[in-house]
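Chain residues, written in single-letter form:
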Amino acid sequence: PMSRRVYLDPSTGVVYDLASTDHEGWLTKRSRWLHDWRRRYFLVKDDKLFYAQSETKEPHGMIDLSKCMTVKSAELKTRMRNSIEVATPSERYYLYADSSEEKDMWIGVIGRAIVRASGTFTEEDGMEYDSQDEDGGDDEAPYY
């Protein structure tokens, strides 16, 4: 099933090689227009999150994690267990995992990709990727 390992971005014409990925697995995604839930195979590569109808199909969608502001739990908003919200300036994506462990893992994977894309590395201390500090956090010298 090597056919699925490229994604052509229809808006830019850029081809992404997905021969190797940082993480992949199944999540269920809420569709943009009908708001029904569809199981999709997700692949994280660098600062992009791709999704396909199955492991063997070519991805048909991409979320640019470098534009993401937050990834967080969304159970209150969606009323679905183990659900996640990925928010960009223009759109909010809702996904849910098969278990709370997988949900936490995906939040970590997506959160690390967002942090990497923003170019701000923090020591990985199990931090929550709930909101980004506008001022860069407490790790900078105080200004007197």
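Residues numbered from 1 in each chain as written. Predicted model: local features only at pLDDT ≥ 70, side-chain atom pairs only at ≥ 80, totals over all residues. Heavy atoms only, no water.

Focus: the sheet that holds strand β8 (residues 83-87)
The test is simple: Here the rule is simple: two strands pair whenever DSSP picks up at least two bridges between them. Labels follow the DSSP assignment, with helices taken as runs of H or I lasting at least four residues and strands as runs of E lasting at least two, numbered in each case from the N terminus. Axis angles are defined between N-to-C directions and span 0 to 180 degrees, where every axis is a line fitted to C-alpha atoms and, for a helix, only to the segment in contact.
One open sheet accounts for 7 strands, arranged β6-β5-β4-β3-β9-β8-β7; its pairing is antiparallel. The outermost strands of the open sheet, each flanked by one partner alone, are β6 (61-64) and β7 (70-73). Strand after strand, the sheet turns through a mean of 35° between neighbouring axes, direction not considered.

Observations concerning the pattern of salt bridges
For clarity, the cut-off: Salt bridges, as used here, are contacts in which a Lys or Arg side-chain nitrogen is within 4 Å of a carboxyl oxygen on Asp or Glu. Each residue gets one of three labels from its accessible area relative to the maximum for its type: buried under 20%, exposed over 50%, partly exposed in between, using a 1.4 Å probe on protein chains only.
Per the stated rule, a full pass over the model turns up 12 salt bridges. Taking the shortest distance from any N to any O, the salt bridge between R39 and D98 comes out at 3.1 Å. Separated by 59 residues along the polypeptide, R39 in strand β4 (residues 37-45) and D98 in the loop between β9 (92-96) and α2 (100-118) bring together distant segments of the chain. When its relative accessible area of 39% is taken as the criterion, R39 is described as partly exposed. Note on D98: relative accessible area 42%, which makes it partly exposed. In this structure, K48 engages D47 in a salt bridge whose closest nitrogen and oxygen atoms are separated by 3.1 Å. Judged by its relative accessible area of 22%, D47 falls in the partly exposed class. One network of salt bridges, with partners in common, ties together D47, K48, D64 and K67.

Considering the pairing of β8
Walk down a regular strand and you will see the side chains alternate between the two sheet faces. When you tally the buried positions in β8, you get 5 out of 5 residues, the bulk of the element. Burial along β8 is two-sided: S83, E85 and A87 facing one way and I84 and V86 facing the other are all buried. Strand direction decides the pairing type here: β7 and β8, joined by 4 bridges, are antiparallel. Counterpart to V71 in the pairing with β8 is V86. Sheet analysis places β8 next to β9, joined by 5 bridges and oriented antiparallel. Looking at the pairing, E85 lines up with Y94 of β9. From the end of β8 to the start of β9, which pair antiparallel, there are 4 residues.

Focus: α2
Put simply, the test is: By definition here, a helix of n residues has an expected span of 1.5 Å times n minus one. The contact criterion used is simple: two residues touch if any of their non-hydrogen atoms lie within 4.5 Å.
Taking 1.5 Å per residue, 19 residues should reach 27 Å; α2 reaches 27 Å between its end C-alpha atoms and fits that length. All of the buried residues along α2 are K103, W106, I107, G108, V109, I110, G111, A113, I114 and V115. In this structure, the buried side of α2 is in contact with β3 (23-30), β4, β5 (48-52), β7, α1 (75-78) and β8. Within two residues after α2, G119 carries a phi angle of roughly 80°, on the positive side.

Some points on the packing of aromatic side chains
Cut-off, in case you're wondering: To pair, rings of Phe, Tyr and Trp, with the six-membered ring standing in for Trp, must have centres within 6.5 Å; the planes then decide the type, stacked if under 30 degrees apart, edge-to-face if over 60, and tilted in the middle.
By the definition in use, this model includes 7 aromatic pairs. With a centroid separation of 6.4 Å and an interplanar angle of 70°, the aromatic rings of F42 and W106 are classed as edge-to-face. Residue F42 is found in strand β4, and its partner W106 is found in helix α2; the two are separated by 64 residues along the sequence. Accessibility classification places F42 together with W106 in one group, the buried group. Feature note: the residues Y7, Y16 and F50 constitute an aromatic cluster, connected by ring pairs.

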